[in-house]
Amino acid sequence: LQDRRAASVVPTGITCAVLVDTCVKSVGMLKGDNKGRSTQKRIRRIFDRLDADGDGRITPDELLRASTLLQSKVPWQALDTGRRVIDNITATDVSQFMHLADEDGDGIITYPEFELLIVDSSTPRGLGVLPKTGTERAVSEGRGFITVAWKVMCDMLNMGISVNVLTCNALLDATVAVAALGPLGKGEETFDLCFEDASKIFWMMDEYEIAPNCRSYTALIKLCAHGAANGAGSRAIEKAFFIFERMRDRGVAADVVVFNTLIDAYAKAAWARAGGGIGPALQVLDMMRDVNVRPNTVTYTSLINAARHEGTHEAVTVALALFRKMPAISRNHQTYTVMMHALIRVGRRAEALALVDEAGTHGLQPNSFMFDAAVKAAGKNRQQLRMLEEKFRPMSASSQQPAAQDSRGGGLSGRGGQRRGELKSRGGLQGSAG
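Keep in mind that what you see is a predicted model, and the values were worked out from it rather than measured. (Residues numbered from 1 in each chain as written. Predicted model: local features only at pLDDT ≥ 70, side-chain atom pairs only at ≥ 80, totals over all residues. Heavy atoms only, no water.)

Regarding the overall build of the protein chain
Turning to step 1, where the next piece is worked out: The helix and strand tally for the protein chain stands at 22 helices and two strands.
Turning to step 2, where the next piece is worked out: The buried share of the protein chain, reckoned over its 434 residues, is 41%. (Helix = DSSP H or I, 4+ residues; strand = E, 2+ residues; numbered from the N terminus. Buried < 20%, exposed > 50% of the residue type's maximum accessible area, 1.4 Å probe, protein only.)

Okay, here's the thing in structure tokens:
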């Protein structure tokens with residue numbers, strides 16, 4: 001972008017969209033990739049092994065004892081102070097390692113310092129992209145990307161370059177992603193920071209007459225729902241309703257996604273024990289009917305989830321009545337699973353188990369999540385557990401049918417297919433035992 005300006009090449013709306021997309025993807029990369037998440041788990045396991053007393057810090061003594069254990073391969077209890085030379089590892093080596101890893105010089109190594117040492121001494125391509133979620137640093141970096149994009153958009157708008165609402169919506173979605181990066185215990189503070197960023201984006205849209213659409217308001221309400229689950233509670237829900245009212249005042253019609261997000265906010269607040277529940281969520285359902293917005297499967301599932309997290313007999317009874325009113329064709333695996341967990345929570349285990357048979361009569365083959373819920377409902381009742389095992393056994397047999405068909409082939413390929421079928425069945429038994 002700076003090179004274009006130096007060459008007096010005027011940027012366009014597409015230029016802005018590409019730059020914002022880069023910032024949004026940068027926020028997404030803070031979550032890491034599959035390889036990076038796997039690498040971080042391995043690094044964490046190594047750190048936990050070195051941290052003998054489990055206090056979240058590695059001391060020089062713990063490092064010496066670990067090096068002694070690695071070299072001598074004797075039981076941990078049999079180790080002495082470890083202050084001696086074992087093969088090629090010396091106290092000087094340990095001291096140098098401590099000096100390299102101990103960034104703040106307090107004489108101990110914390111996990112972030114340990115991870116930073118491993119990452120800086122390795123090739124990023126080999127490690128993958130490690131996640132930074134759950135830290136204040138991740139929130140700070142994510143907000144930094146959003147601020148860069150916001151400033152560039154304001155700069156381009158001042159130059160008279162057109163920026164469309166889709167680009168603004170992408171940046172609003174990024175604020176929701178940043179809110180999910182925050183550390184536990186500081187969810188309310190993270191919510192306030194991200195809501196401030198989202199408000200700046202809305203201010204920019206108002207200032208430069210970019211009309212927000214339904215998708216814009218949905219992103220803000222979704223941010224409030226996330227805040228309700230992380231400590232902001234009723235305050236986040238009040239903000240969500242303020243946004244909803246502002247949306248209606250501006251003549252933007254709410255769709256089913258907006259209403260579902262509002263209901264989800266009540267469910268998440270109930271989960272966090274910060275208000276919410278099915279009572280207020282039902283008011284949202286009434287609002288949907290008033291404006292002729294038809295509820296869908298997600299709507300009813302979110303309502304049942306609100307009752308589940310509220311955890312009272314009255315709430316679950318209301319949820320079950322809603323479940324019965326749903327057309328059978330609209331119920332999916334998630335709807336049945338959430339309803340089963342809600343019934344289990346208030347001790348209505350028999351009704352939860354009955355839903356497994358009911359799903360089958362409506363042509364919905366129970367999946368693994370429903371099976372897990374059914375096992376939880378059965379508890380320690382061995383007879384019911386055996387019945388569930390018999391009921392779900394055809395599912396396992398059907399999944400192994402391709403291997404059985406291979407075994408019917410002739411010659412070496414037939415015997416190989418039969419062998420693969422045996423190995424699969426053994427693996428399944430081992431998985432069940434695990």
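Further notes follow.
Details of the nonpolar core
Turning to step 1, where the next piece is worked out: Ranked by internal contacts, the top residues of the largest apolar core, which has 101 residues, are Met204, Leu223 and Met339.
Turning to step 2, where the next piece is worked out: The greatest single-element share of this core, amounting to ten residues, is contributed by helix 8 (residues 136-158).
Turning to step 3, where the next piece is worked out: Judged by nonpolar contacts, the second largest core, of 16 residues, contains Ala66, Leu117, Leu127 and Leu130. (Core = buried A, V, L, I, M, F, W, Y, C linked by side-chain atoms within 4.5 Å.)

Observations concerning the pattern of salt bridges
Turning to step 1, where the next piece is worked out: Scanning the model with the defined rule gives 17 salt bridges in all.
Turning to step 2, where the next piece is worked out: One salt bridge in this structure joins Asp197 and Arg143, with 2.8 Å as the shortest N-O distance. Here Arg143 lies in helix 8 and Asp197 lies in helix 10 (residues 187-207), a separation of 54 residues in the sequence.
Turning to step 3, where the next piece is worked out: A single salt-bridge network, built from bridges that share partners, covers Glu188, Asp192 and Arg235. (Salt bridge = Lys/Arg side-chain N within 4 Å of Asp/Glu carboxyl O.)

A look at the packing of aromatic side chains
Turning to step 1, where the next piece is worked out: Inspection of every chain in the model, using the stated rule, returns nine aromatic pairs.
Turning to step 2, where the next piece is worked out: Here the aromatic rings of Phe241 and Phe244 are separated by 6.3 Å at their centres, their planes lie at 75°, and the arrangement is edge-to-face. Of this pair, Phe241 and Phe244 are both found in helix 12 (residues 234-249), three residues apart, which corresponds to roughly one turn of the helix.
Turning to step 3, where the next piece is worked out: Residue Phe244 is classed as buried on the basis of its relative accessible area of 0%. (Phe/Tyr/Trp six-rings, centres within 6.5 Å; stacked < 30°, edge-to-face > 60°.)

Regarding the side chain of His309
Turning to step 1, where the next piece is worked out: Position of His309 among the secondary structure elements: in helix 15 (residues 297-310).
Turning to step 2, where the next piece is worked out: Setting aside chain neighbours within four positions, we find His309 in contact with Ala267, Ala270, Trp271, Arg273 and Arg345. (Contact = heavy atoms within 4.5 Å.)

Quick look at a negative patch on the surface
Turning to step 1, where the next piece is worked out: A grouping of Glu103, Asp104, Asp106 and Asp120 is seen on the molecular surface, where their side chains present a negatively charged patch.
Turning to step 2, where the next piece is worked out: Note on placement: Asp120 falls in helix 6 (residues 111-120). (Patch = residues over 30% accessible without salt bridge, like charges linked within 9 Å, V, L, I, M, F, W, Y side chains within 5 Å. Areas by Shrake-Rupley, 256 points an atom, 1.4 Å probe, with all protein chains shown as cover. Lys, Arg positive; Asp, Glu negative; His and termini not counted. Charge placed at Lys NZ, Arg CZ, Asp CG, Glu CD.)

Comments concerning unusual backbone geometry
Apart from glycine, the bulk of residues carry a negative phi angle, and the bulk of peptide bonds sit in the trans form.
Turning to step 1, where the next piece is worked out: With phi around 55°, Glu209 is a residue other than glycine that occupies positive phi space.
Turning to step 2, where the next piece is worked out: Within the secondary structure, Glu209 is located in the loop between helix 10 and helix 11 (214-228).
Turning to step 3, where the next piece is worked out: Its relative accessible area of 75% is what places Glu209 among the exposed residues.
Turning to step 4, where the next piece is worked out: Positive phi values are uncommon outside glycine, yet Asn292 reaches one of about 60°.
Turning to step 5, where the next piece is worked out: As for its position among the elements, Asn292 is in the loop between helix 14 (278-290) and helix 15.
Turning to step 6, where the next piece is worked out: In this structure Asn292 comes out as exposed when scored by relative accessible area, which is 70%.

Observations regarding helix 14
Turning to step 1, where the next piece is worked out: Here helix 14 is 13 residues long and its end C-alpha atoms lie 18 Å apart, about the 18 Å a rise of 1.5 Å per residue gives.
Turning to step 2, where the next piece is worked out: Burial in helix 14 covers these residues: Ile278, Ala281, Val284, Leu285, Met287 and Met288. Taken around the axis of helix 14, the buried residues stretch over an arc of 160°, which confines them to a single face. Those residues of helix 14 that are exposed and angled more than 90 degrees off the buried face are Gln283 and Asp290.
Turning to step 3, where the next piece is worked out: Against helix 12, helix 13 (256-271), helix 15 and helix 16 (313-325) lie the buried residues of helix 14.
Turning to step 4, where the next piece is worked out: Phi turns positive, to about 60°, at Asn292, one or two residues after helix 14. (Expected span 1.5 Å × (residues − 1). Arc of directions from axis to C-beta.)

Some thoughts on the packing of helix 14 against helix 15
Turning to step 1, where the next piece is worked out: Packing of helix 14 against helix 15 brings their axes to within 9 Å, and their N-to-C directions diverge by 165°. Relative to helix 15, the element helix 14 is oriented roughly antiparallel. Read as a crossing pair, helix 14 and helix 15 show a hand that is left-handed. Residues Ile278, Gly279, Ala281, Leu282, Leu285, Met288 and Arg289 of helix 14 pack against Thr299, Tyr300, Leu303, Ala306, Ala307 and Glu310 of helix 15.
Turning to step 2, where the next piece is worked out: Residue classes in the contact of helix 14 with helix 15 are distributed as nine nonpolar, two polar and two charged. (Axes fitted to C-alpha atoms, helices over the stretch in contact; angles between N-to-C directions. Parallel < 35°, antiparallel > 145°, perpendicular 65-115°, else oblique. Left-handed = near helix turned anticlockwise from the far one by under 90°. Nonpolar A, V, L, I, M, F, W, Y, C, P; charged D, E, K, R; others polar.)

As for a positive patch on the surface
Turning to step 1, where the next piece is worked out: A contiguous patch of positive charge, built from Lys35, Arg37, Lys41, Arg42 and Arg45, is present on the exposed surface.
Turning to step 2, where the next piece is worked out: When you line up the elements, Arg37 lands in helix 3 (residues 34-50).
Turning to step 3, where the next piece is worked out: A relative accessible area of 34% places Arg37 in the partly exposed class.

Re the side chain of Ser302
Turning to step 1, where the next piece is worked out: Here Ser302 is to be found in helix 15.
Turning to step 2, where the next piece is worked out: On the accessibility criterion, Ser302 (12% relative accessible area) is buried.
Turning to step 3, where the next piece is worked out: Every residue in contact with Ser302, bar those within four places of it in the chain, is listed here: Asn260, Ile263 and Ala267.

Some thoughts on helix 17 (residues 333-345)
Turning to step 1, where the next piece is worked out: With 13 residues, helix 17 ought to run about 18 Å at 1.5 Å a step, and its terminal C-alpha atoms sit 18 Å apart, in line with that.
Turning to step 2, where the next piece is worked out: Extensive coverage of helix 17 is indicated by the burial of ten of its 13 residues.
Turning to step 3, where the next piece is worked out: Taken as a whole, helix 17 has its buried residues at Thr335, Tyr336, Thr337, Val338, Met339, Met340, His341, Ala342, Leu343 and Ile344.
Turning to step 4, where the next piece is worked out: Next to the buried residues of helix 17 lie helix 15, helix 16, helix 18 (349-361) and helix 19 (368-378).
Turning to step 5, where the next piece is worked out: The N-cap residue of helix 17 is Asn332: its side-chain oxygen and the backbone nitrogen of Gln334 are 3.2 Å apart.
Turning to step 6, where the next piece is worked out: Immediately downstream of helix 17, the backbone of Gly347 shows phi near 85°, a positive value. (Polar contact = N/O pair within 3.5 Å; in protein donor to acceptor, adjacent residues only side chain to side chain.)

A look at the packing of helix 11 against helix 13
Turning to step 1, where the next piece is worked out: Where helix 11 meets helix 13, the closest approach of the two axes is 8 Å, and the angle between their N-to-C directions is 5°. Classified by the angle between their axes, helix 11 and helix 13 sit roughly parallel to one another. Every residue of helix 13 that contacts helix 11 at Cys214, Thr218, Ile221, Lys222, Ala225 and Ala228 is listed here: Val257, Val258, Thr261, Leu262, Asp264, Ala265, Lys268 and Ala269.
Turning to step 2, where the next piece is worked out: Considered class by class, the residues forming the contact of helix 11 with helix 13 number nine nonpolar, two polar and three charged.

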